[in-house]
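The primary structure of each chain is shown beneath.
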Amino acid sequence: EDKVVQSPLSLVVHEGDTVTLNCSYEVTNFRSLLWYKQEKKAPTFLFMLTSSGIEKKSGRLSSILDKKELFSILNITATQTGDSAIYLCAVDDPGNTPLVFGKGTRLSVIA
Amino acid sequence: GAGVSQSPRYKVAKRGQDVALRCDPISGHVSLFWYQQALGQGPEFLTYFQNEAQLDKSGLPSDRFFAERPEGSVSTLKIQRTQQEDSAVYLCASSLDYPRGDQPQHFGDGTRLSIL
């Protein structure tokens, strides 16, 4: 059975800190790994990763995938209170389930 | 519209009632998905449509759950004889063409269903 595990489950940091969120997975047929940010409403898309070792960046956020060790990390530098959210990791296994999600990491950034 | 639109945003029903949740995907998106998100959990897959064809319904928890997308655009998730454990947020997502594998799913704001 496909499995996606995120750590930590929750994290509290101060503004300006750098954080690293972890996602490990076990799936039958890996196609891609996606990161989403969920505030009070819809999960919003951050990154889609398909190849190992290629970092994707968007402003203060970046992510990288390791297909050999079956994990991904999401980095946020110079955190702001607006980064407070649940960060969801999901893996696409088209032969099994379109997206398998982890439980998410709840990030709280305090001023 | 610009994004995935779901209605209603909130639904309260008494146990045993039937409910219908609506999803209007991004225009031109062929693939449509329904997920159930319980409090403190990640979304869990329910079902997937490619145009009007329901290609995967393996995540529907029981035969009380039924989804349709008759014209390949708007979709409805129906839950019959609701039970308290059906209380959750129901998320709809769409993507341009899921089998291509190069486009992410985009989510709506969800319908929060509470069964009393």
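Quantities reported herein were computed from a predicted structural model and do not represent experimental measurements. Residue indices begin from 1 for each chain and proceed along its sequence in written order. Think of it this way: whatever chain is written first is A, whatever ligand is written first is 1, and the rest follow in order. It should be noted that, the model being predicted, local features are given only for residues of pLDDT at least 70 and side-chain atom pairs only at 80 or more, the latter also being counted only at that level, while totals for whole chains, interfaces and linings use all residues. Side-chain descriptors were evaluated using all non-hydrogen atoms of the structure, hydrogens and water having been removed beforehand.

Novice: Lay out the sheet that holds strand β1 (residues 3-7) of chain A with the relevant residues and their values.
Specialist: All names here are of chain A. Two strands qualify as a pair provided DSSP detects at least 2 bridges between them. A run of H or I in DSSP counts as a helix once it spans at least four residues, and a run of E counts as a strand once it spans at least two, with each numbered from the N terminus. The strand order β1-β3-β8-β7-β6 describes an open sheet built from five strands, whose pairing is antiparallel. The open sheet has two free edges, formed respectively by β1 and β6 (56-58), since each of these has just one partner strand. In this sheet, neighbouring strand axes are inclined to one another by 15 degrees on average, regardless of whether the strands run parallel or antiparallel. Simply put, an axis is a line fit to the C-alpha atoms, just over the touching stretch for a helix, and the angle between two N-to-C directions goes from 0 to 180 degrees.

Novice: So what's going on with the pattern of salt bridges? Residues and values would help.
Specialist: Opposite charge on two side chains permits them to pair, given that their charged atoms come into close proximity. Whenever a carboxyl oxygen of Asp or Glu lies within 4 Å of a side-chain nitrogen of Lys or Arg, that contact is scored as a salt bridge. Counting across every chain of the model gives eight salt bridges over all chains. Glutamate 26 of chain A is the salt-bridge partner of lysine 3 of chain A, the closest N and O atoms lying 3.9 Å from each other. Residue lysine 3 of chain A is found in strand β1, and its partner glutamate 26 of chain A is found in strand β3 (residues 19-26); the two are separated by 23 residues along the sequence. Remark: exposure states derive from per-residue accessible area (1.4 Å probe, protein chains only) relative to the maximum for the residue type, with buried under 20%, exposed over 50%, and partly exposed in between. The exposure class of lysine 3 of chain A is partly exposed, given its relative accessible area of 43%. The partner of arginine 22 of chain B in a salt bridge is aspartate 24 of chain B, and the shortest N-O contact between them spans 3.9 Å.

Novice: Outline unusual backbone geometry, listing residues and values.
Specialist: Cis geometry marks the peptide bond from serine 7 of chain A to proline 8 of chain A, where omega comes out at -10 degrees. Assignment of secondary structure puts proline 8 of chain A in the loop between β1 and β2 (10-14). Residues serine 7 of chain B and proline 8 of chain B are joined by a peptide bond in cis, for which omega reads -10 degrees. On the secondary structure map, proline 8 of chain B appears in the loop between β1 (5-7) and β2 (10-13). Even without glycine at this site, leucine 70 of chain A takes up a positive phi of about 60 degrees. Counting through the fold element by element, leucine 70 of chain A comes out in the loop between β7 (61-66) and β8 (71-76). The exposure class assigned to leucine 70 of chain A is partly exposed, which follows from its relative accessible area of 33%.

Novice: How would you sum up the packing of aromatic side chains? Please name residues and give values.
Specialist: Centre distance and the angle of the planes are the two values used to describe a pair of aromatic rings. All names here are of chain B. Here is the rule: rings of Phe, Tyr and Trp (six-membered ring for Trp) pair when centre to centre is within 6.5 Å. Planes less than 30 degrees apart are stacked, more than 60 are edge-to-face, and the remainder are tilted. Enumeration over the complete set of coordinates arrives at 13 aromatic pairs over all chains. Geometrically, the ring pair formed by phenylalanine 33 and tyrosine 48 is stacked, given 4.9 Å between the ring centres and 10 degrees between the ring planes. With a gap of 15 residues between them, phenylalanine 33 in strand β4 (residues 31-37) and tyrosine 48 in strand β5 (residues 44-50) connect regions that are remote in the sequence. The class for phenylalanine 33 is buried, based on a relative accessible area of 0%. Here the aromatic rings of tyrosine 35 and phenylalanine 107 are separated by 5.5 Å at their centres, their planes lie at 45 degrees, and the arrangement is tilted. In this pair, tyrosine 35 sits in strand β4 while phenylalanine 107 sits in strand β10 (residues 106-107), placing the two residues 72 residues apart along the sequence. Using a relative accessible area of 0% as the deciding quantity, one classes tyrosine 35 as buried.

Novice: Which residues make up the interface of chain A and chain B, and what are the values?
Specialist: On the side of chain B, 24 residues touch chain A, which itself brings 20 residues to the contact. Defined here as a combined quantity, buried area equals the accessible surface (1.4 Å probe) lost by two parts on assembly, summed across both. Roughly 1,600 Å² is buried in total at the junction of chain A and chain B, and carbon and sulfur atoms are behind 58% of that figure. A per-residue breakdown of the area chain A buries against chain B is headed by Arg31, Pro98 and Phe101 of chain A, which together make up 29% of the total. Summed over the shared surface of chain A and chain B, the number is zero salt bridges. Pairs of N or O atoms are called polar contacts if they sit within 3.5 Å, as long as, within protein, a hydrogen donor faces a hydrogen acceptor (for residues adjacent in sequence, only side-chain-to-side-chain pairs). The interface formed by chain A and chain B holds six residue pairs in polar contact (both at pLDDT 80 or more) in total. Mapped onto the side of chain A that touches chain B, the elements with two or more residues apiece are β4 (32-38), β5 (43-49), β9 (85-93) and β10 (97-101) of chain A. With four residues, β10 of chain A is the single largest residue contributor to the side of chain A that touches chain B. Gly counts as polar in this scheme, as do all residues outside two lists: the nonpolar Ala, Val, Leu, Ile, Met, Phe, Trp, Tyr, Cys and Pro, and the charged Asp, Glu, Lys and Arg. Among the residues making up the side of chain A that touches chain B, the classes are represented as eleven nonpolar, four polar and five charged. Any two residues whose heavy atoms approach within 4.5 Å at even a single point are treated as in contact.

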